[in-house]
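Topology and contacts: notes
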Amino acid sequence: MNPSSNGSQGFDRRSFFGSLAAAGLTGSVLASGADALAQDGAKPAEKPAQPEKIAASFPLLQNVTETSASIAWSLNRPATGWVEWGTTPDLGKFARNSEFGLNPYEVDFLNARIEGLAPNTKYYYRTATCSFDYVNAYNKTVSAPEYSDVYSFETVGPAPEKVSFGVMNDTHNTVPTICKLIERFDELKPNFIVWNGDVCSDYMTSEVAKKSIANPNGKPYAAERPLVFAAGNHDRRGKWVRDLKKCFTTWKHDDPRFAELGCNYAFRQGPLAAVILDTGEDKPDWHPAWSSMANYEPYRELQAAWLESALSRPEIASAPFIVAFCHIPLYDANPKANPGNILDKWASYQWTCQKLWGPILHRHGVQLLVAAHQHRFSYAEPTAERGWAQIVGGGPELKGATCIHATVTKDELKLSAEMVADKKALGSWTFKPRKV
Ligand SMILES: [Fe+2]
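All residue numbers refer to position in the chain's written sequence, counted from 1. Given that the model is predicted, a residue must reach a pLDDT of at least 70 before its local features are reported, and side-chain atom pairs must reach 80 or more before they are shown or counted; all residues, however, enter totals for whole chains, interfaces and linings. Hydrogens and water are ignored here; the side-chain numbers use all heavy atoms of the structure.

Regarding the coordination of the iron ion
- Metal coordination here is assigned from N, O and S atoms located within 2.8 Å of the ion, or within 3.2 Å for Na, K and Ca; omission of water means that sites may look incomplete. Distances from the iron ion to its protein donors, Asp198 (OD), Asn233 (OD1), His327 (NE2) and His373 (ND1), fall at 2.1 to 2.3 Å.
- Coordination at the iron ion is irregular: its four donor atoms span angles of 88 to 164 degrees at the metal.
- The motif formed by the donor residues of the iron ion, counted along the single chain, is D-x34-N-x93-H-x45-H. Linking His327 in the loop between strand E15 (321-325) and helix H7 (351-363) with His373 in the loop between strand E16 (368-371) and strand E17 (378-380), this pair joins segments that are 46 residues apart in sequence. Angle rules define the geometry names used: all angles between 85 and 135 degrees makes four donors tetrahedral, while opposite donors over 155 degrees apart and all other angles between 65 and 115 make four donors square planar and six octahedral, leaving every other case irregular. What counts as a helix is a DSSP run of H or I of at least four residues, what counts as a strand is a run of E of at least two, and both are numbered from the N terminus.

Quick notes on the pattern of salt bridges
- A carboxyl oxygen of Asp or Glu within 4 Å of a side-chain nitrogen of Lys or Arg is what we treat as a salt bridge. Scanning all chains against the criterion turns up 19 salt bridges.
- A salt bridge links Glu52 to Arg77; the nearest nitrogen and oxygen atoms lie 3.8 Å apart. Of the two residues, Glu52 is situated in the loop between helix H2 (33-38) and strand E1 (60-62) and Arg77 in the loop between strand E2 (68-74) and strand E3 (79-86); the sequence distance between them amounts to 25 residues.
- Judged by its relative accessible area of 49%, Glu52 falls in the partly exposed class.
- Judged by relative accessible area, Arg77 falls into the partly exposed class, the value being 26%.
- Residues joined by salt bridges that share partners form a network here, namely Arg184, Glu187, Glu418 and Lys423. Here the term buried applies to any residue with accessible area under 20% of the maximum for its type, exposed to any over 50%, and partly exposed to those in between, with areas from a 1.4 Å probe on protein chains only.

Brief notes about the sheet that holds E16
- Overall, mixed pairing links the six strands, which are arranged E13-E14-E15-E16-E18-E17 in an open sheet. Every other strand in the sheet has two partners, leaving strand E13 (265-269) and E17 as the edge strands with one partner each. Taking each pair of neighbouring strands and ignoring which way they run, the sheet shows an average axis angle of 15 degrees.
- Strands are labelled as partners when DSSP assigns at least two bridges between them. Examined bridge by bridge, E13 and strand E14 (residues 272-276) share five bridges and lie antiparallel to one another. Bridge pairing in E14 places Arg268 opposite Ala273.
- Here helix H5 (residues 296-312) sits on the sheet in contact with E13, E14 and E15, set at roughly 170 degrees to E14. Every angle, taken between N-to-C directions, lies between 0 and 180 degrees, and every axis is a line fitted to C-alpha atoms, over only the stretch in contact when it is a helix. Whether two residues are in contact is decided by their heavy atoms, any of which lying within 4.5 Å being enough.

Observations regarding the confidence of the model for the chain
- Values of pLDDT, ranging from 0 to 100, describe the predictor's confidence in every residue of the model. When pLDDT is averaged across the chain, the result is 91; 89% of the residues are at 70 or more.
- Here residues 1-42 is modelled with pLDDT under 50, and outside its nearest four sequence neighbours on either side it reaches 57 contacts, counting other chains as well.

Concerning the side chain of Ser148
- Among the secondary structure elements, Ser148 is positioned in the loop between strand E8 (146-147) and strand E9 (151-154).
- In this structure the side chain of Ser148 is engaged in a polar contact, spanning 2.9 Å, whose partner is the backbone nitrogen of Thr127.
- Every residue in contact with Ser148, bar those within four places of it in the chain, is listed here: Pro59, Arg126 and Thr127. Whenever a nitrogen or oxygen atom comes within 3.5 Å of another N or O atom, the pair is scored as a polar contact, on the condition that within protein one atom can donate a hydrogen and the other can accept it, and that pairs from neighbouring residues in sequence are kept only if both atoms are in side chains.

Overview of the packing of H5 against H7
- Contact pair H5 / H7: the axes reach a minimum separation of 10 Å and the direction vectors enclose 0 degrees. Taken together, the axes of H5 and H7 lie roughly parallel to each other. Touching Glu297, Arg300, Glu301, Gln303, Ala304, Leu307, Glu308 and Leu311 of H5 are Thr352, Cys353, Leu356, Trp357, Ile360, Leu361 and Arg363, all from H7.
- Grouping the amino acids of the contact of H5 with H7 by side-chain chemistry returns eight nonpolar, two polar and five charged. Oblique is the label for any angle not under 35 degrees, not over 145, and not in the 65 to 115 range, which are roughly parallel, roughly antiparallel and roughly perpendicular in turn. When residues are sorted by character, Ala, Val, Leu, Ile, Met, Phe, Trp, Tyr, Cys and Pro go into the nonpolar class, Asp, Glu, Lys and Arg into the charged class, and all the rest, Gly among them, into the polar class.

Thoughts on the nonpolar core
- Nonpolar core, defined: a set of buried Ala, Val, Leu, Ile, Met, Phe, Trp, Tyr and Cys residues in which side-chain atoms within 4.5 Å join the residues together. Within the largest apolar cluster, 59 residues are counted, with the highest numbers of intra-cluster contacts made by Tyr203 and Ile213.
- Within the residue set of this core, elements represented by two or more residues are helix H3 (175-188), strand E11 (192-195), helix H4 (207-214), strand E12 (227-229), E14, H5, E15 and H7.
- Considering each element in turn, this core owes the most residues, eight residues, to H5.
- Leaving out residues up to four positions away in the same chain, Tyr203 has contacts with Val208, Ala209, Ile213, His234, Asp235, Arg237, Gly238, Lys239, Trp240, Val241 and Leu244.
- In terms of nonpolar packing, the next biggest core, distinct from the first, is built from 50 residues, Ile114, Ala230, Ala274 and Val408 among them.

Quick look at the packing of aromatic side chains
- Note on aromatic pairs: the rings of Phe, Tyr and Trp (six-membered ring only in Trp) are paired at centre separations within 6.5 Å, and the planes decide the class, stacked below 30 degrees, edge-to-face beyond 60, tilted for the rest. On inspection of all chains with the given rule, the structure shows 18 aromatic pairs.
- Between Phe192 and Phe267, the aromatic rings sit 5.3 Å apart at their centres with planes inclined by 70 degrees, giving edge-to-face as the arrangement. Of this pair, Phe192 sits in strand E11 while Phe267 sits in strand E13; the two residues are 75 residues apart in sequence, bridging distant segments of the chain.
- The exposure class assigned to Phe192 is buried, which follows from its relative accessible area of 2%.
- Ring geometry for Tyr296 versus Tyr299: centroids 6.3 Å apart, planes at 65 degrees, classification edge-to-face. In this pair, Tyr296 and Tyr299 are both assigned in helix H5, three residues apart and thus about one turn of the helix distant.

Observations concerning unusual backbone geometry
- For Asp170, which is not glycine, the phi torsion reads 50 degrees and is therefore positive.
- Positionally, Asp170 belongs in the loop between strand E10 (163-168) and H3.
- Positive phi, normally seen in glycine, also occurs at Asn173, with a value near 45 degrees.
- The topology assignment puts Asn173 in the loop between E10 and H3.
- Accessibility expressed as a relative area gives 30% for Asn173, which makes it partly exposed.

Dropping the structure here:
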């Protein structure tokens with residue numbers, strides 16, 4: 001992304017439409033459904049069908065940092081678009097995902113990153129989507145913008161005295177479970193939701209992401225409460241999966257060493273520091289199932305270097321509570337559990353990541369690791385050698401799905417888990433602040 005073409009600089013709506021006019025495009029603005037019917041003299045005067053919306057989903061707010069946020073939304077047809085934002089509902093600034101001087105043209109998801117924000121500040125935004133298609137290089141059809149409602153969000157930062165988060169995991173594109181979890185989060189009202197991997201089973205096309213992630217319930221469930229994606233092993237499978245970043249937008253790192261770690265981030269929100277890790281696939285890179293397409297070993301090692309650096313940052317190191325999130329557990333109580341580095345079956349826990357990351361988490365006083373993958377709820381108390389507790393969420397079927405929730409103040413972190421189907425409690429735990 002070219003930063004100079006993103007944010008408030010370099011984009012003016014009048015010049016945008018002016019450039020369309022200069023290119024001779026405004027004459028081919030798509031006719032509305034009503035116009036199309038009016039031109040068809042043979043039709044009786046029936047109420048015209050509502051034209052299909054260009055955007056196929058409400059906005060998905062993500063990657064909220066002290067100074068930036070990303071918004072993605074899915075499409076019913078090829079389109080370009082942008083985000084309008086500001087500190088009041090009047091908006092007034094613009095962000096769009098331009099690259100190499102070109103504005104976006106997408107068939108499945110659009111996204112934009114808003115930059116230049118201030119910590120702990122409320123912002124408003126809406127999406128604008130124009131259907132856009134090429135007849136040939138000079139002949140294109142473009143519609144007037146279709147706007148979403150105006151939504152708001154707050155950037156993260158040290159100010160809040162209380163923060164909460166919810167966790168769902170291993171949903172495997174099971175839409176009824178996803179909807180039930182969202183219903184529960186609407187009641188619990190966490191500040192953000194971590195979707196802790198295996199969101200879908202595979203991604204052969206964009207359709208599964210459009211249905212299960214962008215629009216599972218026909219409501220703006222993540223337009224104001226950000227989603228934090230922690231990638232699971234299944235979230236690396238299928239022909240379309242390299243485009244998943246258009247839907248689950250990535251994090252940006254200032255340090256060029258970590259530029260490729262778009263699924264890793266650490267952010268401070270009030271008394272909590274949250275750390276997102278990516279355990280990768282559930283079998284070794286050399287497993288024949290991957291047909292030489294897996295390269296997770298150097299990726300995990302790079303994340304170890306990043307983790308050491310992230311946990312040393314002053315705003316993270318000074319947090320009363322640090323919670324890490326990753327999909328595959330880093331610990332298994334069963335000494336015979338599959339460590340993920342053998343040819344037989346698949347990982348129960350990630351031995352390599354345990355060796356690379358576990359001591360770093362321990363040394364920096366991380367209190368809790370939230371994991372998933374096993375489709376079976378468990379909780380392991382910390383030990384003298386492993387200073388972090390590990391909680392593992394349940395599976396995709398409604399009868400096995402769990403909701404993990406935590407509320408954090410400077411004095412305590414209260415963690416609870418329940419079955420999603422009937423809210424049956426699985427346990428609750430209280431953590432004391434770190435010694436900083
Ligand atoms: Fe998994």
